[in-house]
Amino acid sequence: MSTCAFCPGPLLPTFSDSLPRERCGRCASVWIEGDALTKVMGGSAAEALVRRARGKHGLCKDCQAPLAQVPQCEQCHRPAPTCPRCNIAPLAVTKVHDVEVDVCTTCHGVALDAGELEQLQKLARADREREFDLKPRLEPETLSKSQCAACKRTVKLKHAFTVNDQLYCGSCAPSGSAPYDPTLTRASPSMEESTSVAVMKNVRWSPVDPISSALDWLFSRLGN
């Protein structure tokens, strides 16, 4: 049984149909083998992460002091994050979309502490909500009239024109606008389904558990 990268706790295998990983029984951090990452996410994702991490210093998990080729923090004396496989310390730290990722540049393993996992899941969830948000900007149920985007005069919806999610009166309606139609501002169930299908066709792997889903989101954006 291997030891956690961040504490003396044991790494326990997580049995799932998604991205294979081990979780610390003490601090709840996650360790992902480089081979598993390459197999599930593809070699390009693993290589991109290692390229980002090469030459970077490590970080102390207590005081956030930078660590370079030392077995423990010189300020608070906490052991440096250590690869459970290679026993190399400290692990290099690189940022991917504001999430700090500890990487072993030798075996390509990846470690995330509990706080980083929580931050990652929040970012992934917010991104998915934006991606699948079909809520119209113009709500016909709550608006009987509104202001013209140009002259600011009150205009009744039945007399309004719209373009680019903006309402205009007849006098100010720009070229290309069309009469406001509330039935066109709401996505139908069939539209929602077709949009979801179109998005999912671009996903090469569909993880079923929240952590794997968040990790997939992270690694799929390494090139961005």
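Source: prediction; values computed, not measured.

(A) Focus on unusual backbone geometry. Each neighbour pair has its own omega, and for Ala89 with Pro90 the value is -5 degrees, a cis peptide bond. Note that Pro90 resides in the loop between β5 (66-67) and β6 (92-96). Of note, Gln64 is a non-glycine position whose phi angle comes to about 65 degrees, a positive value. Assignment of secondary structure puts Gln64 in the loop between β4 (58-59) and β5. In this structure, His108 is a non-glycine residue whose phi angle is positive, near 70 degrees. Examined against the element boundaries, His108 turns out to sit in the loop between β7 (99-103) and β8 (110-112). Judged by its relative accessible area of 24%, His108 is partly exposed.

(B) How the structure looks around the environment of Ala65. Assignment of secondary structure puts Ala65 in the loop between β4 and β5. A relative accessible area of 5% places Ala65 in the buried class. For the pair Ala65 and Cys76, spaced 11 residues apart in sequence, the C-alpha to C-alpha distance is 8.8 Å. If we skip the residues at most four places from it in the chain, Ala65 touches Gly58, Leu59, Cys60, Cys73 and Gln75.

(C) Representation of the sheet that holds strand β13 (residues 178-179) within the structure. Across the sheet, which stays open at both edges, the 3 strands sit in the order β12-β11-β13 with antiparallel pairing between neighbours. Single-partner strands in this sheet number two, and they are β12 (166-168) and β13. As paired elements, strand β11 (residues 161-163) and β13 share 2 bridges and run antiparallel to each other. Its bridge partner lying in β13, Phe161 is registered against Pro179.

(D) Region of interest: helix α2 (residues 43-53). Where α2 is concerned, the buried positions are Ala45, Ala46, Ala48, Leu49, Val50 and Ala53. Elements in contact with the buried residues of α2: α1 (34-41), β6, β7, β8 and α5 (210-220).

(E) Region of the structure containing the nonpolar core. If you look at the biggest cluster of nonpolar residues, it comprises 28 residues, and the most contacted ones within it are Ile32, Leu49, Val101, Leu120, Leu215, Leu218 and Phe219. Within the residue set of this core, elements represented by two or more residues are β3 (30-32), α1, α2, β6, β7, β8, α3 (114-131) and α5. Setting aside anything within four residues of it in sequence, one finds Ile32 in contact with Leu19, Pro20, Arg21, Leu37, Gly109, Val110, Leu215 and Phe219. Among the nonpolar cores identified, the runner-up in size contains 11 residues, and Phe6, Leu11, Trp31 and Cys104 belong to it.

(F) Summary view of the pairing of strand β2 (residues 21-24). Bridge count between strand β1 (residues 11-14) and β2: 4 bridges; the pairing is antiparallel. Bridge pairing in β2 places Thr14 opposite Arg21. A loop of 5 residues connects β2 with β3, the two strands running antiparallel in sequence, and Ala28 in this loop sits at a positive phi of about 70 degrees.

(G) Inspection of the sheet that holds β6 at higher detail. Sheet architecture is open: 6 strands sit in the order β1-β2-β3-β8-β7-β6, paired in antiparallel fashion. This sheet does not close on itself; its edge strands, each paired only once, are β1 and β6. Within the sheet, the average angular offset between the axes of one strand and its neighbour, ignoring direction, is 30 degrees. Pairing analysis gives 5 bridges linking β6 to β7, with the strands arranged antiparallel.

Reading the values: rules and limits
Residues numbered from 1 in each chain as written. Predicted model: local features only at pLDDT ≥ 70, side-chain atom pairs only at ≥ 80, totals over all residues. Heavy atoms only, no water. Helix = DSSP H or I, 4+ residues; strand = E, 2+ residues; numbered from the N terminus. Buried < 20%, exposed > 50% of the residue type's maximum accessible area, 1.4 Å probe, protein only. Contact = heavy atoms within 4.5 Å. Pairing = 2+ DSSP bridges. Core = buried A, V, L, I, M, F, W, Y, C linked by side-chain atoms within 4.5 Å. Axes fitted to C-alpha atoms, helices over the stretch in contact; angles between N-to-C directions.

Any functional reading would require information that these geometric values do not contain.
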